Amino acid sequence: MSTLTTAAYLVSSVLFILSLRGLSHPSTARRGNFLGILGMTIAIVTTLSNPGVLSYKEIGIAFLIGGLIGTSIAVKIQMTALPQLVAAFHSLVGLAAVFVAASAYYNPSAFNIGTVGSIPMGSLIEMSIGTAIGAVTFTGSIIAFGKLQGFVSGNPLVFKGQHFINLLLGLGIIALIVKFCIDQNQELFWLIVFASFVIGVLLIVPIGGADMPVIVSMLNSYSGWAAAGIGFTLSNNLLIITGALVGSSGAILSYIMCKGMNRSFLNVLLGGFGGEQAASAGGVKDDRQAKQGNAADAAFMMKNSKTIIIVPGYGMAVAQAQHALREMGDLLKAAGAEVRYAIHPVAGRMPGHMNVLLAEANVPYDEVLELDEINRDFSETDVAFVIGANDVTNPAAKTDKTSAIYGMPILDVENAGQLFFVKRGMASGYAGVQNELFFRDNTLMLFGDAKKVCEDIIKGLEN
Amino acid sequence: MSEISNQLESLSYKAQQIANEASQLASSVAETSGGHSDFIIFGITVLVLACFVGYYVVWSVTPALHSPLMGVTNAISSVIIVGALLAAGPVDSNISKYFGLVAVTLAAVNIFGGFVVTNRMLSMFKKKQ
């Protein structure tokens, strides 16, 4: 690699770092994204100027096809479907890593790593590890995509000996890699790919739909490590640096999500949490009657309050209620109330999902607050309006040591003067735990589709 | 605003310093011996240092922008296209080249998709008027 090429790749790496750095505040974020695009452009142009790269026509066509597909998907996608889109994109990075590694295996001279059949040991190790991570990322992301999109049941699929099979497969892959590094056999290469595909599926199927924020972040991390692995094969620092950035980003996001649920990463990975199983286990019959209200009551009560905090959850996203919710908030503000939004770290199906949905509905970002910023204010708040969320408000997380959600940080909506829960029915949340707030005197349940309920309240406020 | 740009500058300065140190280390390694196997230890050095940079940069990302963060990281992880272009580069057609072209297409989907969707997300974040 010439000095100029190396320098250009370094500039790209720095631009990528600055691009992530820009996301520290919404006011600098768009510039950050632009720096990322600039970094990528420099990386691509630099690579194209490599003397070994000659087939511009074919590359141009491939690039154009991919670019058109990517752009048209990104322009059309609904913001509620972001998590599955990101999962799908991760799968492509994984698959691309497998293809690059396969290509390096069949034509090592293009990468300056020896000739067919006599690739140096170091390159073989890097290549096979990059391939394995890429392949796991590919199938794992596809299953995550299927669960988020609803193609595959969101319930955890658990069977006996599952973890044992995973362990065997994992050891098998390591054995295959060792053998491949000695023999350089092509069947072994594809066996590694195949076994990694299988383990990618097996790792994700036991994990329930609501744990997907952790999984999507984890796969984000994997896609970075796959890129770093290929970077070693190519002796390319840009790929290693970028891979490490993406890898640590995904790992940190997974950590934040796990902390938001007070669960260990291993506990999430082992799966089996939530879904039907948990609902039946935790579904103790409850004869108490929750107080049910209608939209007109809610409108009247909120119109006369000074401070309101809205707590949105995944149910709001499913019902596409964000626009109606914002309109309701505007009317309440016009009536003289202070309206703010409180976001739990694991609300929605990917980190920061609620913030994007509220931003889409034109809610200013300075009215949307994180758990730490707003939790103390509930005690001085007249109304807490919980829409499509449940577990993240459940005080059992603080009081009931036997509860599945014990220790999870919650939004203290119970301290507000008046509580509203917008829900479809009385069913318990993902964790399968009953929420005793539903039976409090100052709680009013508003049953129905989140969007419909908001629209009815808007009508009530306009009268 | 100026504070942030100052921070950016100091960060880029630090990153360059790290890179300089790393390249010095690499050249000292290269002097003692030669060939590809030396890249591994150099590469690991870069990897570890980049993980530290990533750690500090990502913790400074505001939680409200975690979805755009995933969009951007998704797009930049497609820098793997560098490998794909090298694979697709040779003139003579063989299996290796076709693998490269497929990888170029996949990475391009991600690059464009990732940056465009992130831009869409970020353009929606507005301050109170």
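Parameters at a glance
- Residues numbered from 1 in each chain as written.
- Chains lettered and ligands numbered in written order.
- Predicted model: local features only at pLDDT ≥ 70, side-chain atom pairs only at ≥ 80, totals over all residues.
- Heavy atoms only, no water.
- Helix = DSSP H or I, 4+ residues; strand = E, 2+ residues; numbered from the N terminus.
- Buried < 20%, exposed > 50% of the residue type's maximum accessible area, 1.4 Å probe, protein only.
- Contact = heavy atoms within 4.5 Å.
- Areas by Shrake-Rupley, 256 points an atom, 1.4 Å probe, with all protein chains shown as cover.
- Expected span 1.5 Å × (residues − 1).
- Arc of directions from axis to C-beta.
- pLDDT = per-residue confidence, 0-100.
- Salt bridge = Lys/Arg side-chain N within 4 Å of Asp/Glu carboxyl O.
- Buried area = accessible area lost by both parts, 1.4 Å probe.
- Polar contact = N/O pair within 3.5 Å; in protein donor to acceptor, adjacent residues only side chain to side chain.
- Nonpolar A, V, L, I, M, F, W, Y, C, P; charged D, E, K, R; others polar.
- Core = buried A, V, L, I, M, F, W, Y, C linked by side-chain atoms within 4.5 Å.

**Some details on the overall build of chain B**
Right, on to step 1. Per the secondary structure count, chain B includes five helices and zero strands.
Right, on to step 2. Along the chain direction, N to C, the helices and strands of chain B fall in the order α-α-α-α-α.
Right, on to step 3. Sorting the 129 residues of chain B into buried and exposed places 55% on the buried side.
Right, on to step 4. Across chain B, every contact between residues at least 6 apart in sequence was considered, and the portion connecting residues at least 24 apart equals 58%.
Right, on to step 5. Surface exposure of chain B reaches about 5500 Å², of which carbon and sulfur atoms provide 62%.

**Section: helix H3 (residues 56–76) of chain A**
Right, on to step 1. For H3(A), spanning 21 residues, the distance from its first C-alpha to its last is 30 Å, which sits close to the expected 30 Å at 1.5 Å a residue.
Right, on to step 2. If you check which residues of H3(A) are buried, you get A:Ile59, A:Ala62, A:Gly66, A:Gly67, A:Gly70 and A:Ala74. Down the axis of H3(A), the buried side of the element spans an arc of 130 degrees, and every buried residue falls inside it. What points out from H3(A), more than 90 degrees from its buried face, is the exposed set A:Lys57, A:Leu64, A:Leu68 and A:Lys76.
Right, on to step 3. In this structure, the buried residues of H3(A) make contact with helix H2 (26–48) of chain A together with helix H4 (81–88) and helix H5 (95–124) of chain B.

**A closer look at helix H6 (residues 162–183) of chain A**
Residues and elements named next belong to chain A.
Right, on to step 1. Given a rise of 1.5 Å per residue, 22 residues ought to cover 32 Å, and the 31 Å separating the end C-alpha atoms of H6 matches this to within 8%.
Right, on to step 2. Where H6 is concerned, the buried positions are Gln162, Asn166, Ile173, Leu176, Ile177, Phe180 and Cys181. The arc enclosing the buried residues of H6, seen along the axis, measures out at 130 degrees, which places them on a common side. Exposed and oriented more than 90 degrees from the buried face of H6 are Phe164, Leu167, Ile174 and Ile182.
Right, on to step 3. Contacts made by the buried residues of H6 are with helix H4 (82–106), helix H5 (121–149) and helix H7 (186–204).
Right, on to step 4. Downstream of H6 by a residue or two, Gln184 has a phi angle that is positive, lying close to 55 degrees.

**Regarding the confidence of the model for chain A**
Right, on to step 1. Looking at chain A, pLDDT values average 88 and 96% of them are 70 or higher.
Right, on to step 2. For residues 276–283 of chain A, every residue scores under 50 in pLDDT, and the model assigns this stretch eight contacts once sequence neighbours within four places are set aside.

**Focus on the side chain of A:Ser217**
Right, on to step 1. Summarising the element assignment, A:Ser217 is placed in helix H8 (residues 212–234).
Right, on to step 2. Given a relative accessible area of 0%, A:Ser217 falls into the buried group.

**Observations concerning the pattern of salt bridges**
Residues and elements named next belong to chain A.
Right, on to step 1. Under the definition given, this model contains 13 salt bridges over all chains.
Right, on to step 2. One salt bridge in this structure joins Lys179 and Asp183, with 2.6 Å as the shortest N-O distance. Placement of both Lys179 and Asp183 in helix H6 is noted, with a separation of four residues, approximately one turn of the helix.
Right, on to step 3. Using a relative accessible area of 38% as the deciding quantity, one classes Asp183 as partly exposed.
Right, on to step 4. Between Lys459 and Asp456 there is a salt bridge, with its nearest N and O atoms 3.7 Å apart. Here Lys459 pairs with Asp456, and both are found in helix H18 (residues 450–462), just three residues apart, close to one helical turn.
Right, on to step 5. Overall, the relative accessible area of 52% leaves Lys459 in the exposed class.
Right, on to step 6. In this structure, a network of salt bridges that share partners links the residues Arg326, Asp330, Lys333 and Glu367.

**Remarks on the interface of chain B and chain A**
Right, on to step 1. Across the contact, 89 residues belong to chain B and 113 residues belong to chain A.
Right, on to step 2. Taken together, both faces of the contact between chain B and chain A bury some 9000 Å²; the carbon and sulfur share is 77%.
Right, on to step 3. When the area that chain B buries against chain A is broken down by residue, the three leading residues are B:Met70, B:Ile80 and B:Phe99, summing to 8%.
Right, on to step 4. Here chain B and chain A share one salt bridge between them.
Right, on to step 5. Our count for the chain B to chain A interface comes out at 17 residue pairs in polar contact (both at pLDDT 80 or more).
Right, on to step 6. For the side of chain B that touches chain A, the secondary-structure elements that each account for two or more residues are helix H1 (2–32), helix H2 (37–59), helix H3 (66–77), H4 and H5 of chain B.
Right, on to step 7. No other element matches the 28 residues that H5(B) contributes to the side of chain B that touches chain A.
Right, on to step 8. Its residues assigned to classes, the side of chain B that touches chain A comprises 58 nonpolar, 26 polar and five charged.

**A short note on the nonpolar core**
Right, on to step 1. Residues A:Leu325, A:Met328, A:Phe385, A:Ile387 and A:Ile457 are the most contacted members of the largest nonpolar core, which totals 180 residues.
Right, on to step 2. Looking at this core, the element that brings in the most residues is H4(A), giving 16 residues.
Right, on to step 3. The next biggest cluster of nonpolar side chains, apart from the first, holds 10 residues, and it includes A:Phe232, A:Ile240, B:Phe39 and B:Phe42.

**A word on the environment of A:Pro51**
Residue and element names in this part refer to chain A.
Right, on to step 1. If you trace the backbone, Pro51 turns up in the loop between H2 and H3.
Right, on to step 2. Given the relative accessible area of 72%, Pro51 is considered exposed.
Right, on to step 3. In sequence terms Pro51 and Gly66 are 15 residues apart; their C-alpha atoms lie 24 Å from each other.

**Remarks on the confidence of the model for chain B**
Residue and element names in this part refer to chain B.
Right, on to step 1. Confidence along chain B averages 83 in pLDDT terms, with 74% of residues attaining 70 or more.
Right, on to step 2. By mean pLDDT, H1 is the weakest element of chain B at 62, and H5 is the strongest at 95.
Right, on to step 3. Within the model, the stretch residues 29–34 combines pLDDT values under 50 with three contacts to residues more than four positions away or in other chains.
Right, on to step 4. Among the scores for the predicted complex, ipTM is 0.89 and pTM is 0.86.

**Quick word on the side chain of A:Thr47**
Right, on to step 1. Among the secondary structure elements, A:Thr47 is positioned in helix H2.
Right, on to step 2. Judged by relative accessible area, which is 0%, A:Thr47 ranks as buried.
Right, on to step 3. In terms of polar contacts, A:Thr47 uses its side chain to reach the side chain of A:Tyr9, at 2.8 Å.
Right, on to step 4. When sequence neighbours within four positions are dropped, the list of residues in contact with A:Thr47 reads A:Tyr9, A:Val53, B:Val82, B:Leu85 and B:Leu86.

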